[in-house]
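# Notes for the structure review
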Amino acid sequence: MIGEGINRIDGPLKVTGRAVYSYERQDAGQPLYGCIQGASIGKGRIASIDTSAAEAAPGVRLVWTHRNAPEQQPFENKPDLFGRPHPELTGDSIAYYGQPVAFVVADSFEQASAAAALVRVDFEAEQGAYDLDASLAQKKWWETIDAGGESRFGDVDKAMAQGPVTVEATYSTPYHFSHPIELPACLAVWKDGHLTVYVAAQMVNQFRSGLAATLKLDRKSITVDSAFVGGGFGSKLFLHAETVLASLAARALDKPVKVMLTRRQVFTMVGHRPAVISHIRLAATPDGQLTAIGHDANMQSFGPEPWSEPVEAVARSLYAAPNRLTRQTKTDLDVRAGEAVRAPGELPGLLVFESAMDELAEKLGMDPVELRIKNDTDIDPELNLPLSGRRLADCLREGAARFGWDQRPITPASRREGQWLIGYGVASAMRAHYQGPTEVKLRITADGRVVVFSDMTDIGTGTYTIAAQVAASGLGVPVSQVSVELARTDYPASQGSGGSWGASNTSVAIDRACQALREQIAGVAGTGYNDLFAEVRRHFPQGLEASGKTLSSGKDPNYQNFSQYTYGASFAEVGVDADTGEVRLRRMLGVFAAGRIINPKTARSQLLGGMIWGISAALHEGAYVDPRHGSWVNGDLAEYVIPVHADIPDIEAIMLYDHDEHANHLGIKGIGELGACGTGGCVANAVYNATGVRVRDFPITLGKLLPGLPAVA
Ligand code: MOS
């Protein structure tokens, strides 16, 4: 039932291997296998291409390049990011490193891979622009941002000049990739003019729109099935080459075709979080009241397909100040377009903004927890609307008490245990809460089961389980009598899993469907019945169905009258090796207020996962572009550093009791990305507290700390 930390209902399927992921589907008959080859230059054109050896290789069924690939709808930069076409192999010009240039289908995976390697492509390379830092050097780029990308209240320049206490600093955050365990994969099957794609997708209905646009098909002639998805993190929101090419080849060959990207291809064929340079300004009175907040962001972009994330937006609503200016601009590089990656906007935004708040606390000589509480607000400063469920200060106070914040070293680099310099850090978290149109269908069968149907996905987050809990609660039946059918475009459309909105959207719709079912039953049995299934058997021998809907934020009055976010505060203790600069996280606590929690076990697991990504952003992760060729220097999981078990000590996530009635009648908000918000900042601030060295270029690697470490006593 709602609020119970039950085990995942799909857990047994997963641990026994019976949860079948798209690439593992066996039910479509013997498939062919596709392999994509990508460009080995970052900018230029294909001078010549020789496919003869690949075509003659054993088992090869098809070799496509831009010269013979089927016609597709040309790319158009439409505002609907999901519905726009994503054609492949469309011409001889190369716009980014790794762009698909050839596609081979063969009888086996090995034959396809071997033949793809035989496609000979000669490129004419041009020098591209690959370096964000270089393009921004030697100028105050923030002064030239045009008004289109800004939000301005009062006069930040004047407030900064008046001070008296100010911080002005430039921070940088690198490219990030999502990298779920399950690689992007598609099995495409055509039958009687209908295409079914078994694919790893977070939002199947929206994914179908993009595929239909690309292939110039009616949406109705495509079914998308993503029954099990092995992680998404944003990387499975949009259509990619494996699905487009598998679908086209399956049609051309009249056989099922499977394509899975390699781990290295995820770096070139799936978008990243763009690298960002942030310029932050803060001004405060001597007692710590903020008078000015400024955040200017300059972000890598790809001209033909612009993408940005709202890195500067957290500065608009996290704290109040009379003078505020947030601006964003993009710098076009010859680097593939970005995409959504784990808390777009908030993750890098809070990492740098909460670092700047720490710098301000130090200049003020003020406890960083107190500084944050002092600048708390009940009114969204940007929208002038009440903030619903604003429990930021509660999270900070509760976390400080549980963590033992009063034990923190007040002076940086003042505590030492043997070789370790010890530091504590704190940061606030805030994540936008959205609601999107969702419909679900519930069926009560005459043989005593409840079945939930929705095209909502479970990307590893626990949707199957919470959907069953909400339906069980709504109908007063045990969870064991509920089945959940998800992630097929045949089912009623949802907003899928993205933006942390899946749980609340789906739960609200399910609960409304339960209400409708109860009303139908009460209509014939009265309200006093005590066995739902007996009444259904008696009065509805064919079973009973009802739908439930969740409105979009735009149509729900609560979303016009309240500004809706989720909140948190995180606390970290680190040790930094005084000789080598090695940073070890020693412990961490996150305290979150994110509405009513449907399942504390799956929720805690999600929050801990998010916190680990926060730690990763502070200390580990970053992808680097070779400024000569535009390739990813560390484009594999051997060199793209992420935390491993040894990097993560005992960390804990606490959820404060919460019920946000302004979000929806169940009080539920999103939690998926909240754990990743702010947690990087608390680690970064702990590193500063340990060492007295402020690293503003993330991640904080030991080479950046070493030059500033205190001399060994
Ligand atoms: Mo999320 S980065 O919208 O999957």
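Worth saying up front: this structure is predicted, and the values here are computed from it rather than measured.

The strand order across the open sheet formed by three strands is S4-S2-S6, and the pairing between neighbours is antiparallel. Since the sheet does not close on itself, it has two edges, and those belong to strand S4 (93–94) and strand S6 (120–125), each with one partner. Pairing analysis gives two bridges linking strand S2 (residues 44–50) to S4, with the strands arranged antiparallel. Across the sheet, residue Gly44 finds its bridge partner in S4, namely Ile94.

A separate point is the pattern of salt bridges. All told, the structure shown has 43 salt bridges when counted by the stated rule. With a shortest N-O distance of 2.8 Å, Arg152 and Glu150 are connected by a salt bridge. A relative accessible area of 45% means that Arg152 is categorised as partly exposed. On the accessibility criterion, Glu150 (23% relative accessible area) is partly exposed. The residue Arg538 makes a salt bridge to Glu535 at a minimum N-O spacing of 3.3 Å.

On to the packing of aromatic side chains, then. Enumeration according to the criterion identifies 21 aromatic pairs in this entry. Centroid distance Tyr319 to Phe353: 6.2 Å. Interplanar angle 25 degrees. Geometry classified as stacked. Linking Tyr319 in the loop between helix H9 (314–317) and strand S15 (323–332) with Phe353 in helix H10 (residues 346–364), this pair joins segments that are 34 residues apart in sequence. With relative accessibility at 0%, the residue Tyr319 sits in the buried group. For Phe353, a relative accessible area of 0% corresponds to the buried category. Between the NZ or CZ atom of Lys441 and the centre of the ring of Phe453, over which it lies, the distance is 5.1 Å. Above the ring of Tyr688, the side-chain terminus of Arg694 is found at 4.0 Å from the ring centroid.

Next up on the list: helix H15 (residues 532–539). Within H15, burial applies to Leu532, Phe533, Ala534, Glu535 and Val536. Buried residues in H15 make contact with strand S20 (438–444), strand S21 (450–454), helix H13 (463–475), helix H14 (502–525) and strand S23 (544–550). In this structure Asp531 caps H15, since a side-chain oxygen of it lies 3.0 Å from the backbone nitrogen of Phe533.

The next subject is the sheet that holds S21. Working definition: the strands of a sheet are paired by backbone hydrogen bonds and lie parallel or antiparallel to each other. With respect to topology, four strands assemble into an open sheet ordered S22-S21-S20-S23, the strand pairing being mixed. Every interior strand has two partners, whereas the edge strands, strand S22 (482–486) and S23, have only one. Pairwise comparison of adjacent strand axes, ignoring direction, gives a mean angle of 20 degrees for this sheet. Relative to S21, S20 runs antiparallel, the two sharing four bridges. Residue Arg443 lies in a different strand from S21, and its bridge partner there is Val451. Where H14 meets the sheet, it contacts S20, S21 and S23, and its direction lies at approximately 140 degrees from that of S23.

Segmentation of the protein into domains returns domain 1 (14–127 + 178–269), domain 2 (341–433 + 560–708) and domain 3 (436–550). Distance between the C-alpha centres of domain 1 and domain 2: 37 Å. Here domain 1 and domain 2 share one salt bridge between them. Here Arg264 makes a salt bridge to Asp636, at a shortest N to O gap of 2.8 Å. In this assembly, domain 1 and domain 2 are joined by five residue pairs in polar contact (both at pLDDT 80 or more). Across the side of domain 1 that touches domain 2, the residue classes tally to four nonpolar, five polar and two charged.

Quick notes on the rules
- Residues numbered from 1 in each chain as written.
- Predicted model: local features only at pLDDT ≥ 70, side-chain atom pairs only at ≥ 80, totals over all residues.
- Heavy atoms only, no water.
- Pairing = 2+ DSSP bridges.
- Helix = DSSP H or I, 4+ residues; strand = E, 2+ residues; numbered from the N terminus.
- Salt bridge = Lys/Arg side-chain N within 4 Å of Asp/Glu carboxyl O.
- Buried < 20%, exposed > 50% of the residue type's maximum accessible area, 1.4 Å probe, protein only.
- Phe/Tyr/Trp six-rings, centres within 6.5 Å; stacked < 30°, edge-to-face > 60°.
- Lys NZ or Arg CZ within 6 Å of the ring centre and 35° of its normal.
- Contact = heavy atoms within 4.5 Å.
- Polar contact = N/O pair within 3.5 Å; in protein donor to acceptor, adjacent residues only side chain to side chain.
- Axes fitted to C-alpha atoms, helices over the stretch in contact; angles between N-to-C directions.
- Domains from an automatic or database assignment.
- Nonpolar A, V, L, I, M, F, W, Y, C, P; charged D, E, K, R; others polar.

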